[in-house]
Amino acid sequence: MCGIVGIVGARPVAPLIVDALKRLEYRGYDSAGVATVEGSTLDRRRAEGKLVNLEERLNGSPLAGNIGIGHTRWATHGAPVEVNAHPHFSSEVAVVHNGIIENFRELRALLEEEGFTFSSQTDTEVVAHLVASGLKSGLAPKEAAFAAIKQLRGAFALAVMFGTDANLIIAARNGPPLAIGHGDGEMYLGSDAVALAPFTNRITYLEDGDWAVVRRDSVEIFDETGNTIDRVQQTSIGSALMVDKGNHRHFMLKEIYEQPEVIGHTLANYVDFNASRIALRDMGDTANPLDFAKLDRLNITACGTAYLAGYVAKYWFERHARLPVDIDVASEFRYREVPMAANGLSLFISQSGETADTLAGLKYCEAAGQHLAAIVNVRESTIARSSHNVFPTLAGPEIGVASTKAFTCQLSVLAALAIGAGVQRGHIDEASEQRLVEELSEAPRYANEVLKMENEIRKLGHTLAHKEHVLYLGRDTNYPLAMEGALKLKELSYIHAEAYAAGELKHGPIALIDEEMPVVVIAPHDRIFEKTVSNMQEVAARGGKIILITDERGAQEAGMEEAQVILMPNMPEIITPIVYSLPIQMLAYHTAVHMGTDVDQPRNLAKSVTVE
Ligand code: F6R
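Residues numbered from 1 in each chain as written. Predicted model: local features only at pLDDT ≥ 70, side-chain atom pairs only at ≥ 80, totals over all residues. Heavy atoms only, no water.

Time to look at helix α2 (residues 51-60). Side chains of residues three or four places apart in an α-helix project in the same direction, reflecting 3.6 residues per turn. The complete set of buried residues in α2 reads Leu 51, Leu 54 and Leu 58. The arc that holds every buried residue of α2, seen down its axis, measures 55 degrees, which confines them to one face. In α2, the exposed positions angled more than 90 degrees off the buried face are occupied by Glu 56, Asn 59 and Gly 60. Of the surrounding elements, those touching the buried residues of α2 are α1 (14-22), β2 (31-38), β3 (41-48) and β4 (67-73). (Buried < 20%, exposed > 50% of the residue type's maximum accessible area, 1.4 Å probe, protein only. Helix = DSSP H or I, 4+ residues; strand = E, 2+ residues; numbered from the N terminus. Arc of directions from axis to C-beta. Contact = heavy atoms within 4.5 Å.)

Attention now goes to the site of the ligand. What surrounds the ligand is a group of 13 residues, the closest being Ser 350, Gln 351, Ser 352, Thr 355 and Glu 491. Between Ser 352 and the ligand, the recorded distance is 2.6 Å, taken from a side-chain N or O atom to an oxygen atom. Interatomic distance of 2.5 Å between a side-chain N/O atom of Thr 355 and an oxygen atom of the ligand. Relative to its unbound accessible surface of 410 Å², the ligand loses 89% to contact with the protein. (Near = heavy atom within 4 Å. Polar contact = N/O pair within 3.5 Å; in protein donor to acceptor, adjacent residues only side chain to side chain. Areas by Shrake-Rupley, 256 points an atom, 1.4 Å probe, with all protein chains shown as cover.)

Closest axis-to-axis distance for the helix α17 (residues 478-493)/helix α20 (residues 576-595) pair is 9 Å, and the angle between their directions is 20 degrees. Between α17 and α20, the interaxial angle falls into the category roughly parallel. Handedness of the crossing formed by α17 with α20: right-handed. Counted together, Leu 481, Glu 484, Gly 485, Lys 488, Leu 489, Leu 492 and Ser 493 of α17 and Thr 576, Pro 577, Tyr 580, Ser 581, Ile 584, Ala 588, Tyr 589, Thr 591, Ala 592 and Met 595 of α20 form the full contact between these two elements. Split into classes, the residues belonging to the contact of α17 with α20 amount to 10 nonpolar, 5 polar and 2 charged. (Axes fitted to C-alpha atoms, helices over the stretch in contact; angles between N-to-C directions. Parallel < 35°, antiparallel > 145°, perpendicular 65-115°, else oblique. Left-handed = near helix turned anticlockwise from the far one by under 90°. Nonpolar A, V, L, I, M, F, W, Y, C, P; charged D, E, K, R; others polar.)

Our focus in this paragraph is the domain arrangement of the protein. As assigned here, the protein comprises domain 1 (3-240), domain 2 (244-441) and domain 3 (451-597). Its C-alpha centre places domain 2 at a distance of 25 Å from the equivalent point of domain 3. With 28 residues of domain 2 in contact, the opposing surface of domain 3 contributes 26 residues. With both sides pooled, the region where domain 2 packs onto domain 3 buries about 2500 Å², and carbon together with sulfur makes up 71% of that total. (Domains from an automatic or database assignment. Buried area = accessible area lost by both parts, 1.4 Å probe.)

Here the focus is the pattern of salt bridges. Per the stated rule, a full pass over the model turns up 32 salt bridges. Among the ionic pairs, Lys 405 bridges to Glu 258, the shortest N-O distance being 2.6 Å. In this pair, Lys 405 is assigned in helix α13 (residues 405-424) and Glu 258 in the loop between α7 (251-257) and α8 (259-268), connecting sequence segments 147 residues apart. Here Lys 405 and Glu 258 have matching classes, each one buried. Note that Lys 467 is salt-bridged to Glu 516, the shortest N-O span being 4.0 Å. Pair noted here: Lys 467 is in the loop between α16 (454-464) and β22 (469-474) and Glu 516 is in the loop between β23 (496-501) and β24 (518-522), with a separation of 49 residues, a long-range link. For Lys 467, a relative accessible area of 27% corresponds to the partly exposed category. Residue classification places Glu 516 among the exposed residues on the basis of a relative accessible area of 55%. (Salt bridge = Lys/Arg side-chain N within 4 Å of Asp/Glu carboxyl O.)

The following block contains the structure:
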């Protein structure tokens, strides 16, 4: 998703802005640009593709100036070409924007009637012309920006700069996040605190409807009616973390390898390993801890991989806590007009904590008077700040666009919550709680063992490369895991992959099976293993090429000599979704690396999806 940086500084800012934009690269983008004011001259450089292209442009033709705004663009309106890259200009006004201006067509028509000429296909350009129109009518820059902001509908984080004032950036937020960084004699703007890490860790997050006047020595924040408003300045913990690949080839691989550690770290936040008890630590309203005993229903809302973590948890909550669970993808939930249970809990799962659809689902539940809980990786995110109970994953910054360690950490939190819920609701006695907690504590060790299988999995990945389709099958918690496997393979390698509940195969998809079709079956030896074996036999009988991910007992009992097996250690059932995530991640990773795709930033994808 687009990234925004702004600096009102005391030194040349263009190189600083590019460095900050690099820290936002992980969000995904397809063009970039920077604009500065030097004297009273507004100037910009823009480039298609990666930031190195922008850097080359700047090396050939540097930009002077102690004030500037920069942007990485993830195309929504208009192709990812230079004319559509931000900043957009209108005479003395420069604008960068993240989000979507929904009424841009109507505004564009009005502005064209007024005589403004558009040079891009973007929705953003209307903002530059609207502000310029205000200036033309005699408004001062601050008032012109406010007048423009009031006319915008949709989701936006904006930074507006003026050729006539080298000490002013106007920032505005309605949806996508925007943070102000406080320096000494310098002020900063960024889409997140990570972007501003080299400059400051003193951060103020704008709330929806806020806009701000940012100058070298001051920041004033206003609400949507134009009244001054106080927003807390906080010390960001995320911002101190440096982001690098270590000695791994990709961020994704580094993040796969971090899993034993971050799963352990996350579990330790929700489990007392000495006492073998669940000890939920809530970073939200600690005066009102979550009481699962009072709940009649849990609804879980999330997108993509986070949704699939929630899907696994549905099985856990229903099985261990006898709590009925509805699970929805947020983009459907938000418009489905769902009647909410009176004693319901709404749980939102999001790595970034900024996903627009998930946030909209949260707002819907808030309006319906629901109790709101969140599992997020970015603790200062909007979803965290908007929820009553907050259960962070301690995965550290996840930079690879495809989620890996955040997923297994989400599963770790959810497993602890489900067991905790079972205890509170009287369905898990003390002995079972102790057993389950001890089993959970084994997850990091097993994850570590699986990492040692990378070579073997790499070879299997090579057999998938250049296949046209791959099917994934699983039952019970392995069904959402199969969906996660298919999602990882699709997004990284661009191979079409689909997942089915293994028992559903014979109701249609089995027609797809022939000698060319690889079928990845996720099947630890569990209560329903035999059922999955029957489904595998149906595939084998039709010539399908099976990759079976199972344990020793499963491999023996499957008795399928023709299958290629990823042999997992025997482990307790509760941790299989966490540990079996690793081979499916590695399989997708190595398939993609072999095919030469951009693993950390797959085409068309963004890390933090802050538009609908
Ligand atoms: C897939 C992936 C996405 C995200 C989804 C939600 O690997 O990363 O499907 O899971 O966009 O993002 P968050 O968790 O930030 O809400």
